[in-house]
Amino acid sequence: MQTSQRAIEIAVGLFVAAGAAALFALALYVSNLTAFAGGERYTVIGHFQNIGGLREGAPIDMAGVQIGRVEAIELDKQTFEARVELSISADYDNLPSDTSAKILTSGLLGEQYIGMEPGGSPTTLQDGDELMLTQSALILEELIGQFLYDKASGGDE
Amino acid sequence: MLARIQDLGAATLTAIGRIGRSSLFLGRLLAGLPLLVKRPGLVIQQLYVIGVLSLVIISVSGVFVGMVLALQGYYTLVDFGAEQSVGTLVALSLTRELGPVVTALLFGGRAGSALTAEIGLMKATDQLSSMEMMAVDPERRVVAPRLLAGFIAMPLLAAIFILLGVGGGYVVATSMLGIDGGAYWSQMQANVSFSDDIANGVIKSLTFGFVATWIAVFEGYDCKPTSEGVSRATTRTVVHTSLAVLGLDFLLTALMFD
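Summary of the structure given here. The structure displayed is predicted, hence computed values, not measured ones. (Residues numbered from 1 in each chain as written. Chains lettered and ligands numbered in written order. Predicted model: local features only at pLDDT ≥ 70, side-chain atom pairs only at ≥ 80, totals over all residues. Heavy atoms only, no water.)

**Examining the overall build of chain B**
In step 1: When its secondary structure is counted, chain B shows nine helices and zero strands.
In step 2: Taking the principal axes of its C-alpha atoms as reference, chain B extends roughly 65 × 55 × 30 Å.
In step 3: Within chain B, buried positions represent 44% of all 258 residues.
In step 4: Accessible surface computed for chain B: about 12,100 Å², of which carbon and sulfur atoms make up 69%. (Helix = DSSP H or I, 4+ residues; strand = E, 2+ residues; numbered from the N terminus. Buried < 20%, exposed > 50% of the residue type's maximum accessible area, 1.4 Å probe, protein only. Areas by Shrake-Rupley, 256 points an atom, 1.4 Å probe, with all protein chains shown as cover.)

**As for the pairing of strand β2 (residues 59–62) of chain A**
Residues and elements named next belong to chain A.
In step 1: Burial of β2 is two-sided: the residues Pro59 and Asp61 facing one way and the residues Ile60 and Met62 facing the other way are all buried.
In step 2: In this structure, β2 lies alongside strand β3 (residues 65–75), joined through four bridges in antiparallel fashion. When the sheet's bridge partners are listed, Pro59 is paired in β3 with Arg69.
In step 3: Counted along the chain from β2 to the antiparallel partner β3, the turn is two residues long, and its residue Ala63 has a positive phi close to 55 degrees.
In step 4: Looking at chain direction, β2 and strand β6 (residues 112–117) are connected through three bridges and run parallel. Considered in β6, the bridge of Met62 is made with Met116. (Pairing = 2+ DSSP bridges.)

**Details of the pairing of β3(A)**
Residues and elements named next belong to chain A.
In step 1: As judged from the seven bridges shared by β3 and strand β4 (residues 82–89), these two strands associate in the antiparallel manner. Looking at β4, one finds that Ile73 is bridged to Val84.
In step 2: Linkage of β3 to β4, two consecutive antiparallel strands, is achieved through a turn of six residues, within which Phe80 is found at a positive phi near 55 degrees.

**Notes on the environment of Ile203(B)**
All names here are of chain B.
In step 1: Relative to the elements of secondary structure, Ile203 occurs in helix α8 (residues 194–222).
In step 2: Here Ile203 falls in the partly exposed class, since its relative accessible area comes to 39%.
In step 3: Ile203 sits 103 residues away from Pro100 along the chain, and the two C-alpha atoms are 9.0 Å apart.

**A closer look at the interface of chain A and chain B**
In step 1: With 24 residues of chain A at the interface, the matching set in chain B holds 27 residues.
In step 2: Across the interface of chain A and chain B, roughly 2,200 Å² is buried in total on both sides, 80% from carbon and sulfur atoms.
In step 3: Together, Phe15(A), Leu26(A) and Val30(A) form the three largest contributors to the area buried by chain A at its contact with chain B, with a combined 30%.
In step 4: Where chain A meets chain B, there are zero residue pairs in polar contact (both at pLDDT 80 or more).
In step 5: Within the side of chain A that touches chain B, the residues separate by chemical class into 17 nonpolar, five polar and two charged. (Contact = heavy atoms within 4.5 Å. Buried area = accessible area lost by both parts, 1.4 Å probe. Polar contact = N/O pair within 3.5 Å; in protein donor to acceptor, adjacent residues only side chain to side chain. Nonpolar A, V, L, I, M, F, W, Y, C, P; charged D, E, K, R; others polar.)

**So, empty space enclosed by the protein**
By rolling a water-sized probe across the atoms, one finds the places where empty space is left.
In step 1: Taken as a whole, this structure holds one cavity of 30 Å³ or more when the rule is applied.
In step 2: Reported here for the largest cavity is a volume of approximately 60 Å³.
In step 3: Leu23(A), Leu26(A), Thr95(B), Pro155(B), Ala158(B), Ala159(B), Ile162(B), Asp197(B), Ile198(B), Gly201(B), Val202(B) and Ser205(B) are the residues that line the largest cavity.
In step 4: For the lining of the largest cavity, the elements supplying multiple residues, two or more each, are α1 (5–30) of chain A together with α6 (138–176) and α8 of chain B.
In step 5: Ranked by residue count, the leading element in the lining of the largest cavity is α8(B), at five residues.
In step 6: The class makeup of the residues in the lining of the largest cavity is eight nonpolar, three polar and one charged. (1 Å grid on protein atoms, 1.4 Å probe; cavity = no way out; pocket = protein on both sides within 12 Å on 5 of 7 lines; lining within 4 Å. Points joined across faces, edges and corners; volume = space filled by probe spheres on them.)

**Notes on the pattern of salt bridges**
If the charged atoms of two oppositely charged side chains come close together, the side chains can form a pair.
In step 1: If you walk through the whole model with that rule in mind, you get 14 salt bridges over all chains.
In step 2: For Glu117(A), the salt bridge goes to Lys102(A), with nearest N and O atoms at 3.3 Å. Of this pair, Glu117(A) sits in strand β6 while Lys102(A) sits in strand β5 (residues 100–105), and the two are 15 residues apart along the sequence.
In step 3: Between Arg146(B) and Glu118(B) there is a salt bridge, with its nearest N and O atoms 2.9 Å apart. Highlighted residues: Arg146(B) in helix α6 and Glu118(B) in helix α4 (residues 86–124), separated in sequence by 28 residues.
In step 4: Here the salt bridges share partners, and the residues they tie into one network are Arg18(B), Arg21(B), Glu219(B), Asp222(B) and Arg236(B). (Salt bridge = Lys/Arg side-chain N within 4 Å of Asp/Glu carboxyl O.)

**Things to note about the packing of α1(A) against α6(B)**
Packed helices, taken two at a time, are described by their axes: the angle between them and the distance between them.
In step 1: Interaxial distance between α1(A) and α6(B) falls to 8 Å at its minimum, and their mutual angle equals 50 degrees. In this view, α1(A) runs oblique relative to α6(B), as classed from their interaxial angle. Crossing angle aside, the handedness with which α1(A) passes α6(B) is left-handed. Each of Phe15(A), Val16(A), Ala18(A), Gly19(A), Ala20(A), Ala22(A), Leu23(A), Ala25(A), Leu26(A) and Val30(A) in α1(A) lies in contact with α6(B), whose residues at this interface are Ala153(B), Leu156(B), Leu157(B), Ala159(B), Ile160(B), Ile162(B), Leu163(B) and Val166(B). (Axes fitted to C-alpha atoms, helices over the stretch in contact; angles between N-to-C directions. Parallel < 35°, antiparallel > 145°, perpendicular 65-115°, else oblique. Left-handed = near helix turned anticlockwise from the far one by under 90°.)

**Re the side chain of His47(A)**
All names here are of chain A.
In step 1: Within the secondary structure, His47 is located in strand β1 (residues 41–48).
In step 2: Polar side-chain contacts of His47 include one of 3.2 Å to the side chain of Asp76.
In step 3: Excluding residues that lie within four positions of it along the chain, His47 makes contacts with Asp76, Glu81, Ala82, Arg83, Glu130 and Thr134.

**A word on the packing of aromatic side chains**
Residues and elements named next belong to chain B.
In step 1: Overall, the coordinates contain eight aromatic pairs over all chains when judged by the stated rule.
In step 2: Centroid distance Phe25 to Phe218: 5.8 Å. Interplanar angle 55 degrees. Geometry classified as tilted. Placement of Phe25 in helix α1 (residues 2–32) and of Phe218 in helix α8 is noted, with a sequence separation of 193 residues between them. Here Phe25 matches Phe218 in class, with each residue buried.
In step 3: Judged by centre distance (5.4 Å) and plane angle (35 degrees), the rings of Tyr170 and Trp185 are tilted. In this pair, Tyr170 is assigned in helix α6 and Trp185 in helix α7 (residues 181–191), connecting sequence segments 15 residues apart.
In step 4: Residue Trp185 is classed as partly exposed on the basis of its relative accessible area of 28%.
In step 5: Pairwise contacts between aromatic rings join Phe25, Phe218 and Tyr221 into one cluster. (Phe/Tyr/Trp six-rings, centres within 6.5 Å; stacked < 30°, edge-to-face > 60°.)

Next up, the structure:
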């Protein structure tokens, strides 16, 4: 097989470029790398009684639009509540200071995310602020337990 | 009885000798790599043989593996009403496991066996010894460029494999299974993480590429310089590469994913 050096070099160049482009495309289109990777952001803190299956990197939505990501989750040693750091894009720096956060589930078996609902306060959330109103995740076992309890107590009447 | 024990001992000694020779061989090759900076043409030539000529089989397999994953995943997921997650399933299986592993197995069969046969025949026809006669080090002139080219080509081939697999899955999911294209991509992007899944897949493919090429060039360089020796070495390359890739895959998975 006689292939000229020039043709070989062109083919190798195309191959390496295609491989690099494939890696780049994987990073860009297949993974979540690009969503809120860059740009200014600020952090607010929420305390939740129970975060259920929330994980670091979960999206934060307001009105269905993604505005940030969960940055860190740890247990507060004093209150034994979950302390969640919410990293929000600086494009949305005018959220009212009484904005509330709920832990929601996308679909029946989907992953958990944080839904924010704006309040009516004239002041806005600043970096490092703490959310006043939070709502824990719904835990299916607790719901079933409560349902059974209600059933049982209702049956006496 | 004593003869059996002697056979066992001889086999063990041979195996240990091979491990030792291959390690020393690798050390000499790695020491010779910096000299390749002056001769990039040698590496480009090998990248063509190892990488470009493997593209067809890698691309075709990638597309079909992705399509089969989408189909099979759909049939299972639809029972749970989770068929929208088929994109996640395809992308995670490809980036974490199938991309690096299947690429490495194909790479061992397509490029590795060719490397062994080529170097083995060079040895059998005394081309390597005549190089030494002319004060050309065959390890640096012949073997080192092939090792480097395999190391470079493998992750690129794996990336192409994965991307085409995800594309093939997309075509099947949207055109045959009626899954919304937007859901396919968005579910995938929500669940595939760059640092965990894609970076680990790249680390795997780098490791596999290194090991597969190392085995191939060593088997060729170490074979008996006869027709039978070359054919045995070629078979050993494919078998050992497959075993090493599958074993290493378990090890790397256990180490990297928690």
